[in-house]
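Here is how the chains run, residue by residue.
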Amino acid sequence: MVRASGLRGYRTLMHALGADADAMLRRYRIAAELLDDDDALLPLRSAALLLESSAATTGCADFGLRLAQIQDISVLGPVAIAMQNAPTVAGAIDIASRYLFVHSPGMALSVHARSALVPDAVEVRFELSVSGLASLRQTFDVCLGDVHRMIALLAGPHYELRSVALPHAPIAPLSTYARFYGAPVLPAQPHGGLHIARTTFDAGLQDVNAALRQLAENYLALNFNDPGQTVTGRVRQALRRTLGTPENSRAGIAQLLGLHPRTLQRRLDAEHTSFDALREEV
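First things first, this report covers the structure right here in the doc. None of these values were measured; they are calculated from a predicted model.

## Describing the overall build of the chain
Alright, step 1. The secondary structure content of the chain amounts to 14 helices and 7 strands.
Alright, step 2. Its C-alpha radius of gyration of 19 Å places the chain within 12% of the 19 Å reference for a compact globule of 282 residues.
Alright, step 3. Taking the principal axes of the C-alpha coordinates as reference, the chain spans close to 55 × 45 × 30 Å.
Alright, step 4. Classification of the 282 residues of the chain by burial places 51% in the buried group.
Alright, step 5. In the chain, 68% of the contacts between residues at least 6 apart in sequence involve partners at least 24 apart.
Alright, step 6. For the chain, the accessible surface area stands at approximately 12,900 Å², while carbon and sulfur atoms represent 51% of it.
Alright, step 7. The average position of the 26 basic charges and that of the 27 acidic charges among the side chains of the chain differ by 5 Å.

Structure representation (structure tokens):
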């Protein structure tokens with residue numbers, strides 16, 4: 001699943017390209033009104049298919065980059081609050097890597113101290129996992145584009161991006177990517193990510209409120225379990241986000257988690273709980 005904020009600006013971009021956004025949303029069974037609620041949960045597979053198909057329909061090869069240009073750090077909700085109040089760029093990226101699953105369990109951010117592509121650089125690697133989809137160009141582009149713009153905001157003049165690695169062969173010209181990132185772009189790499197000068201990570205953030213960061217981190221730790229730990233935690237998270245919506249059923253939650261309803265119940269049985277008990281608790 002993914003928070004609906006990940007599609008912020010979608011309808012604006014489609015309108016600018018002369019396309020019918022609502023028709024595309026209906027095609028992939030995404031209720032248009034959910035895009036007005038940043039905390040609503042959407043199936044990540046549906047959102048990814050929507051972006052890939054929208055790029056093809058509009059003939060806009062750089063659809064993902066254009067969408068990233070509309071978005072900002074606030075798409076990450078409470079994670080963004082914690083990031084913006086970290087003492088350094090390194091601290092902000094660490095918060096993002098630990099709590100990105102709150103935005104979507106299908107996304108991961110990791111820091112590798114030694115870049116394999118650029119001397120004296122650190123790799124911030126982004127990974128996207130959507131089962132059964134071979135092409136994720138646009139989805140990856142908007143996600144990595146968002147990460148780039150977030151770090152640029154946090155680091156300010158200290159941001160020194162040395163190179164960008166893409167895990168795919170883009171259909172848009174590399175010059176389009178180079179203009180967006182302001183750095184050389186290397187396509188078809190084993191891993192996608194940003195290769196950034198080490199000095200960027202030591203840069204301090206401006207107007208930091210340590211108490212606000214602690215409040216945000218406490219909220220995240222209290223309300224969200226790491227989805228890699230238990231199915232129970234993942235179901236609780238999905239139930240909180242879908243209260244009052246049609247997705248707040250056993251079948252709806254199972255779909256959001258990419259499981260068959262019977263498989264979901266078997267896994268909850270193994271953790272000595274049930275869907276009905278969790279929903280009543282939430």
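## Some details on the pattern of salt bridges
Opposite charge on two side chains permits pairing when their charged atoms draw close.
Alright, step 1. Summed over all chains, the structure comprises 13 salt bridges.
Alright, step 2. For Arg98, the salt bridge is made with Glu217, and the minimal N-O distance between the two is 3.1 Å. Of this pair, Arg98 sits in helix H6 (residues 89–103) while Glu217 sits in helix H10 (residues 210–223), and the two are 119 residues apart along the sequence.
Alright, step 3. Residue Glu217 is classed as buried on the basis of its relative accessible area, which comes to 14%.
Alright, step 4. Here Glu123 ties to Arg125 by a salt bridge, and the two come within 3.0 Å at their closest N and O atoms.
Alright, step 5. Take Glu123: its relative accessible area is 6%, and that puts it in the buried class.

## Thoughts on the pairing of strand S4 (residues 121–128)
Alright, step 1. With 7 of 8 residues buried, S4 lies mostly within the body of the structure.
Alright, step 2. Pairing analysis gives 6 bridges linking strand S3 (residues 107–112) to S4, with the strands arranged antiparallel. Counted as the bridge partner of Ala108 is Glu127 from S4.
Alright, step 3. In this structure, S4 lies alongside strand S7 (residues 192–197), joined through 6 bridges in antiparallel fashion. Paired with Phe126 across the strands is Gly192, a residue of S7.

## Regarding the sheet that holds strand S5 (residues 161–165)
Alright, step 1. If you trace the 5 strands from one edge of the open sheet to the other, you get S3-S4-S7-S5-S6, paired in mixed fashion. Each of the sheet's edge strands pairs with one partner strand only, and the pair in question is S3 and strand S6 (185–186).
Alright, step 2. Bridge count between S5 and S6: 2 bridges; the pairing is parallel. Across the sheet, residue Val164 finds its bridge partner in S6, namely Val185.
Alright, step 3. In the packing of helix H7 (residues 137–155) onto the sheet, the strands contacted are S3, S4, S5 and S7, and the crossing angle to S7 comes to about 20°.

## Comments concerning a nonpolar patch on the surface
Alright, step 1. A cluster of nonpolar residues, Ile81, Leu212 and Leu215, forms a patch on the protein surface that exposes about 260 Å² of accessible area.
Alright, step 2. Relative to the elements of secondary structure, Ile81 occurs in helix H5 (residues 78–84).
Alright, step 3. Residue Ile81 is classed as partly exposed on the basis of its relative accessible area, which comes to 38%.

## As for the environment of Ile81
Alright, step 1. A C-alpha to C-alpha distance of 33 Å links Ile81 and Asp276, two positions 195 residues apart in sequence.
Alright, step 2. If sequence neighbours within four positions are ignored, Ile81 has contacts with Leu212 and Ala216.

## Some thoughts on unusual backbone geometry
Alright, step 1. Its identity is not glycine, yet Ala188 carries a phi of approximately 50°, on the positive side.
Alright, step 2. Tracing the backbone shows Ala188 in the loop between S6 and S7.

## Some words on helix H4 (residues 63–70)
Alright, step 1. For H4, the set of buried residues is Phe63, Gly64, Leu65, Leu67 and Ala68.
Alright, step 2. Packing partners of the buried residues in H4 comprise helix H1 (10–16), helix H3 (44–58), H7 and helix H8 (174–181).

## Some remarks on the nonpolar core
Burial of nonpolar side chains together is a common tendency in soluble globular proteins.
Alright, step 1. Leu7, Tyr10, Met83, Phe126, Tyr181 and Leu194 are the most contacted members of the largest nonpolar core, which has 79 residues in total.
Alright, step 2. Aside from chain neighbours lying at most four places away, what touches Phe126 is Leu100, Met107, Ala108, Leu109, Phe140, Cys143, Leu144, Val147, Gly192 and Gly193.

## Focus on the packing of H4 against H7
Alright, step 1. Relative to each other, H4 and H7 sit at 35°, their axes nearing to 7 Å. Viewed along their axes, H4 and H7 form a crossing whose handedness is right-handed. From H4, Phe63, Gly64, Leu65, Leu67, Ala68 and Gln69 reach across to H7, where they touch Gln138, Asp141, Val142, Gly145, Asp146 and Arg149.

## Here's the deal with the environment of Ala183
Alright, step 1. In this fold, Ala183 is placed in the loop between H8 and S6.
Alright, step 2. Residues Ala183 and Ser163 lie 20 residues apart in sequence; the distance between their C-alpha atoms is 5.4 Å.
Alright, step 3. In this view, Ala183 contacts Leu161, Arg162, Ser163 and Ala178; residues no more than four positions away in its chain are not counted.

Parameters and conventions
Counting restarts for each chain: residues are numbered from 1 in the order of the written sequence. Per-residue local features of the predicted model are confined to residues with pLDDT of at least 70, and side-chain atom pairs are confined, for both listing and counting, to 80 or more; whole-chain, interface and lining totals are unaffected and use all residues. For the side-chain quantities, the full set of heavy atoms in the structure was used; hydrogens and water were omitted. Helix numbering and strand numbering both begin at the N terminus, where a helix is a DSSP run of H or I of at least 4 residues and a strand a DSSP run of E of at least 2. To get the radius of gyration, use the C-alpha atoms; to get the globule rule, take the number of residues to the power 0.38 and multiply by 2.2 Å. For the exposure calls, accessible area comes from a 1.4 Å probe over protein chains only, and a residue counts as buried if that area is under 20% of its type's maximum, exposed if over 50%, partly exposed in between. Throughout, a residue-residue contact means that at least one pair of heavy atoms, one from each residue, lies within 4.5 Å. In these tables, accessible area is a Shrake-Rupley quantity obtained with a 1.4 Å probe, and a residue counts as shielded only by the protein chains included in the view. Residues counted as positive are Lys and Arg, residues counted as negative are Asp and Glu, and His and the chain ends are not counted. A charge is said to be at NZ when it belongs to Lys, at CZ for Arg, at CG for Asp and at CD for Glu. Here, a salt bridge means any Lys or Arg side-chain nitrogen found within 4 Å of an Asp or Glu carboxyl oxygen. The pairing criterion is simple: DSSP has to find at least two bridges between the two strands. To define axes, lines are fitted to C-alpha atoms, for helices over the stretch in contact only, and angles between the resulting N-to-C directions are given on a 0 to 180 degree scale. Exposure above 30% relative accessible area and no salt bridge define the residues that can form patches, which grow by joining like charges within 9 Å and nonpolar side chains of Val, Leu, Ile, Met, Phe, Trp and Tyr within 5 Å. Only buried residues count toward a nonpolar core, which is a set of Ala, Val, Leu, Ile, Met, Phe, Trp, Tyr and Cys residues joined through side-chain atoms within 4.5 Å. Handedness of each helix crossing follows the sense of rotation of the near helix against the far helix: counterclockwise by less than a right angle gives left-handed, clockwise gives right-handed.

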